Amino acid sequence: NQMATTTGRLSSTDPNLQNIPTRAEEGRMLRSLFIPREKGNVLVDADYSQIELKLVAHFSGDPKMTDAFKNGMDIHVSTAAEVFDVPQSEVTDVMRREAKAVNFGIVYGISNFGLSHNINISQKKADEYIKRYFERFPDVKNYLDGLVEEAKSRGYAITLYGRRRTIPELNSAKYAERKFGERVAMNTPLQGTAADIIKIAMVRVDNRLKNMKSKLILQVHDELIVDAAADEVDEVIDILKSEMEGAVALSVPLNVVVAVGKNWMECK
C-alpha cells in the first residue's frame, strides 16, 4: 500500500508483513516460514542503523550526538554517560537500556508517563531522565520545540523532501489531542524523512538489480530484503550498502547492517 500510512511509510496487508514480530518466539517461528522463491537462493536483509536518531543529529546539529555518530560510538552508551553523568566505561547494561528508551522516546515526543511505563520506573525518575537529556543535548530540545512551533504556524509538518502532513489536532480544544498533535509535529519530519530516504534507496537498488537474477521483494520499516541468487550474493550486498548508504548526504554516516539467511528468521 503506497498511501495507507500517515508517516509516508509503505504498508502491506494479507499478510501485514510490517508487523510480524521479531522478539517473541512465535514471531521468530513465523519469520522462518518466509523463504526465497527458488532452491539455492538466499534472502539478503539490509537495515538502516538508527536512522531516525541520525536524522535528529543531522537536523539539530547537536555536537555531542553528531560526534558520537561520526566516531562510531554506541549512541545509547554515549547518551547514558550524559544522562547518568558517568564515564562511558562505567555505563551498565541497565543504564544503556534506559538511555535507549529515552533516545527513541524523544523521537516520538514521549512523556514522563510513557517513559516510566516503558522501562518500569517512577514518573518522577522518568521526568528527571528527560530533563537531564535535554540539559545535555540542548540543540535537540531547541530543534524539537521549533518543529512544534513551525507546525502550529503552518498547520502541517514537512519532511526533508517536502511531503506534508496536516495536523489539525494542534488547534484542538482538548488537551490530549493538542499533545498528540505536538508529538506528531516532532516525529513526522524524522519518521517521514526516513520513509522518503528508504523509498529513494528502493528505486536505486531496483535499478541496479534490473539485469540480475536477484530481486528486491520487500521493504519493512528501515530495511530492504532481496531474494538473491547464490552466485550474486556478494554483488547484492555491495549494491544494498552503496545505494542505501548513499541515498542521502547527512552530516553523520548513514550505516547499513546486512545479514544473509536461508529464511527471514536467519536474517535477524
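Residues numbered from 1 in each chain as written. Predicted model: local features only at pLDDT ≥ 70, side-chain atom pairs only at ≥ 80, totals over all residues. Heavy atoms only, no water.

Asker: Quick question: what am I supposed to make of the overall build of the chain here?
Answerer: Secondary structure summary: the chain contains 10 helices and six strands in total. Across its three principal axes, the chain shows a C-alpha extent of roughly 55 × 45 × 35 Å. Taking the intrachain contacts of the chain between residues at least 6 apart in sequence as the baseline, contacts between residues at least 24 apart amount to 61%. Working note: accessible area of the chain is about 13,800 Å², and carbon and sulfur atoms make up 51% of it. Of the charged side chains in the chain, 36 are positive and 38 negative; the average position of the first set lies 4 Å away from that of the second. (Helix = DSSP H or I, 4+ residues; strand = E, 2+ residues; numbered from the N terminus. Contact = heavy atoms within 4.5 Å. Areas by Shrake-Rupley, 256 points an atom, 1.4 Å probe, with all protein chains shown as cover. Lys, Arg positive; Asp, Glu negative; His and termini not counted. Charge placed at Lys NZ, Arg CZ, Asp CG, Glu CD.)

Asker: Looking at this model, I keep getting lost on the packing of helix H6 (residues 112-119) against helix H7 (residues 123-136). Mind explaining?
Answerer: Packed helices, taken two at a time, are described by the angle between their axes plus the distance between the axes. Interaxial distance between H6 and H7 falls to 8 Å at its minimum, and their mutual angle equals 110 degrees. By the criterion of interaxial angle, the relationship of H6 to H7 is roughly perpendicular. Here H6 runs over H7; the crossing is right-handed. Mapping the contact onto sequence places Asn 112, Phe 113, Leu 115, Ser 116 and Ile 119 in H6 and Gln 123, Ala 126, Asp 127, Tyr 129 and Ile 130 in H7. The residue makeup of the contact of H6 with H7, split by class, is six nonpolar, three polar and one charged. (Axes fitted to C-alpha atoms, helices over the stretch in contact; angles between N-to-C directions. Parallel < 35°, antiparallel > 145°, perpendicular 65-115°, else oblique. Left-handed = near helix turned anticlockwise from the far one by under 90°. Nonpolar A, V, L, I, M, F, W, Y, C, P; charged D, E, K, R; others polar.)

Asker: How should I be thinking about the packing of aromatic side chains in this particular structure?
Answerer: Each aromatic ring pair is specified by the distance between its two centres and by the angle formed by the two planes. The tally for this structure, following the rule as stated, stands at five aromatic pairs. Seen in terms of ring centroids, Tyr 133 and Phe 134 are 5.6 Å apart; in terms of plane orientation they differ by 85 degrees. Their pairing is edge-to-face. Taken together, a centroid distance of 4.8 Å and an interplanar angle of 40 degrees make the contact between Tyr 133 and Phe 137 tilted. You'll find Tyr 133 and Phe 137 in the same group, each marked buried. A network of ring pairs unites the aromatic residues Tyr 133, Phe 134 and Phe 137 as a single cluster. Over the face of the ring belonging to Trp 264 we find Arg 31, whose NZ or CZ atom lies 4.0 Å from the ring centre. In this structure, Lys 141 packs its charged tip against the face of Phe 134, placed 5.0 Å from the ring centre. (Phe/Tyr/Trp six-rings, centres within 6.5 Å; stacked < 30°, edge-to-face > 60°. Buried < 20%, exposed > 50% of the residue type's maximum accessible area, 1.4 Å probe, protein only. Lys NZ or Arg CZ within 6 Å of the ring centre and 35° of its normal.)

Asker: Before we go on, may I ask you to explain the sheet that holds strand S1 (residues 42-48) in this structure?
Answerer: In any sheet, the strands associate via hydrogen bonds between backbone groups, in a parallel or an antiparallel arrangement. The strand order across the open sheet built from four strands is S4-S5-S1-S6, with neighbouring strands paired in antiparallel fashion. With one partner strand each, in any of the chains shown, strand S4 (215-220) and strand S6 (256-261) form the two edges of the open sheet. Ignoring strand direction, the axes of neighbouring strands in this sheet form an average angle of 20 degrees. Summarising the sheet, S1 and S6 pair through six bridges and their orientation is antiparallel. (Pairing = 2+ DSSP bridges.)

Asker: Looking at this structure, how should I read unusual backbone geometry?
Answerer: Excluding glycine, most residues fall at negative phi; most peptide bonds, likewise, are trans. Residue Asp 14 is joined to Pro 15 through a cis peptide bond whose omega torsion reads 5 degrees. When you line up the elements, Pro 15 lands in the segment before helix H1 (25-31). A positive phi is found at Asp 14, a non-glycine position, where the angle reads about 55 degrees. One non-glycine residue with positive phi stands out, namely His 221, at about 55 degrees. Looking at where His 221 falls in the secondary structure, it is placed in the loop between S4 and strand S5 (223-228). Residue class for His 221 comes out partly exposed when judged on its relative accessible area of 34%.

Asker: Just checking my understanding: could you explain the environment of Ser 116 for this structure?
Answerer: Structurally, Ser 116 can be placed in helix H6. Distance in space between the C-alpha atoms of Ser 116 and Lys 268 is 28 Å, their sequence separation being 152 residues. If sequence neighbours within four positions are ignored, Ser 116 has contacts with Ile 121, Ser 122, Gln 123 and Ala 126.

Asker: How should I be thinking about the side chain of Asp 227 in this particular structure?
Answerer: Position of Asp 227 among the secondary structure elements: in strand S5. Asp 227 sits in the buried class, given a relative accessible area of 1%. Setting aside residues no more than four positions away along its own chain, Asp 227 makes contact with Pro 36, Arg 37, Asn 41, Val 42, Leu 43, Ser 214, Lys 215 and Ile 217.

Asker: Just to check I follow, could you spell out helix H5 (residues 93-107) for this structure?
Answerer: Quick reminder: α-helices carry 3.6 residues per turn. Residues three or four places apart thus point the same way. Counted at 1.5 Å a residue, the expected span for H5 with its 15 residues is 21 Å, and the 22 Å between its end C-alpha atoms agrees. Every buried residue belonging to H5 is among Glu 98, Ala 99, Ala 101, Val 102, Asn 103, Gly 105, Ile 106 and Val 107, and all of these are buried. Those residues of H5 that are buried lie in contact with helix H2 (51-60), helix H4 (75-83), H6, H7, helix H8 (138-154) and helix H9 (175-209). (Expected span 1.5 Å × (residues − 1).)

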